[in-house]
Amino acid sequence: MVKAVPAPLRPLPALIFGSRWLQLPLYLGLILAQCVYVFKFMKELIHLVSEATTFSEQQIMLIVLGLIDVVMISNLLVMVIVGGYETFVSRLGLSGHPDQPEWLSHVNASVLKIKLAMAIIGISSIHLLRTFIEAGNLGSSKAAYTQEGILWQTIIHCVFILSAIGIAYVDKLSTASSAASAARQQH
């Protein structure tokens, strides 16, 4: 079977369509940022292991939460790099590859937004948990946070959650509208 060759684009549409490749340096920059997070993770892990016998349980917990935070941010970077490139620049050609992430097969801008919102909530949750663990030091000279700072972190976290709910709701409305429109076209 012979594949149909698409007609060449006129110059202006070709320029506009080709401009998506301007995002490539951005994704390459995010890969470098990923490398920085790997370095930070390894540095903190070495610090944890080398000082494990002298750290209190709370110190170990805070460092582990920091490591989890780095992993979650790194996961967010992977979603943006892989999903964004696949959605906005070019196909990666991973279909059938044994290591293709499950979520990539059905990624689009809407799914990517929801996944990013959920990742941001996860990262914010880790930060808030670290803050709550350190809240026991409130009022002392070792306090890293003030009551007002903790309140603002909690409010910001709640705003992230409400934003994610809003994004999911708008996506649901848009999906329902698209499905209704497709059903009308079939009749």
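Not measured: the values here are computed from a predicted model. What you see as residue numbers is a count from 1 along each chain, following the sequence as written. Reporting of local features is limited, given that this is a predicted model, to residues whose pLDDT is at least 70; pairs of side-chain atoms are given and counted only at 80 or more, and all residues count toward the totals for whole chains, interfaces and linings. Side-chain metrics rest on all non-hydrogen atoms present in the structure, leaving aside hydrogens and water.

Undergrad: Would you explain the packing of aromatic side chains in this entry?
TA: Here the distance between the centres and the angle between the planes together describe a pair of aromatic rings. Only centres within 6.5 Å qualify two rings of Phe, Tyr or Trp (six-membered ring in Trp) as a pair; their planes then separate them into stacked at under 30 degrees, edge-to-face at over 60, and tilted for everything else. Considering all chains together, one arrives at 2 aromatic pairs under this definition. Ring geometry for Trp21 against Tyr85: centres 6.2 Å apart, planes inclined by 75°, an arrangement best described as edge-to-face. One end of the pair, Trp21, is in the loop between α1 (11-18) and α2 (24-50); the other, Tyr85, is in helix α3 (residues 57-89), and 64 residues separate them in sequence. For the exposure calls, accessible area comes from a 1.4 Å probe over protein chains only, and a residue counts as buried if that area is under 20% of its type's maximum, exposed if over 50%, partly exposed in between. Trp21 gets classed as partly exposed once you look at its relative accessible area, which sits at 36%. Under the relative-accessibility criterion, Tyr85 is labelled buried at 17%. Measuring from ring centre to ring centre gives 6.2 Å for Tyr27 and Tyr85, while their planes differ by 80°; the resulting arrangement is edge-to-face. Note that Tyr27 is positioned in helix α2 and Tyr85 in helix α3, a separation of 58 residues in sequence. In this structure, Tyr27 and Tyr85 share a single accessibility class: buried. Helix and strand definitions here come from DSSP, where helices need a minimum of 4 consecutive H or I residues and strands a minimum of 2 consecutive E residues; each element is numbered from the N-terminal end.

Undergrad: Can you help me understand the pattern of salt bridges in this one?
TA: Any two side chains of opposite charge can pair, given that their charged atoms come close. One side-chain nitrogen of Lys or Arg within 4 Å of one carboxyl oxygen of Asp or Glu is enough to make a salt bridge. Going through the model one piece at a time under the given rule, you end up with 1 salt bridge. Glu86 is the partner of Arg91 in a salt bridge, and the nearest nitrogen-oxygen pair spans 3.1 Å. The exposure class assigned to Arg91 is exposed, which follows from its relative accessible area of 62%.

Undergrad: Please clarify how helix α4 (residues 109-134) should be interpreted in this entry.
TA: Helical geometry: 3.6 residues make up each α-helical turn, so side chains three or four residues apart lie on a common side. Helix span, expected: 1.5 Å multiplied by one less than the number of residues in the helix. Relative to the 38 Å expected for 26 residues at 1.5 Å per residue, α4 spans 37 Å between its end C-alpha atoms, a close match to the ideal helical length. Taken together, the buried positions of α4 are Ser110, Leu112, Ala117, Ala119, Ile121, Gly122, Ile123, Ser124, Ile126, Leu128, Thr131 and Glu134. Contact partners of the buried residues in α4: α3 and α5 (147-186). Residues count as neighbours in contact if any of their non-hydrogen atoms are within 4.5 Å of one another.

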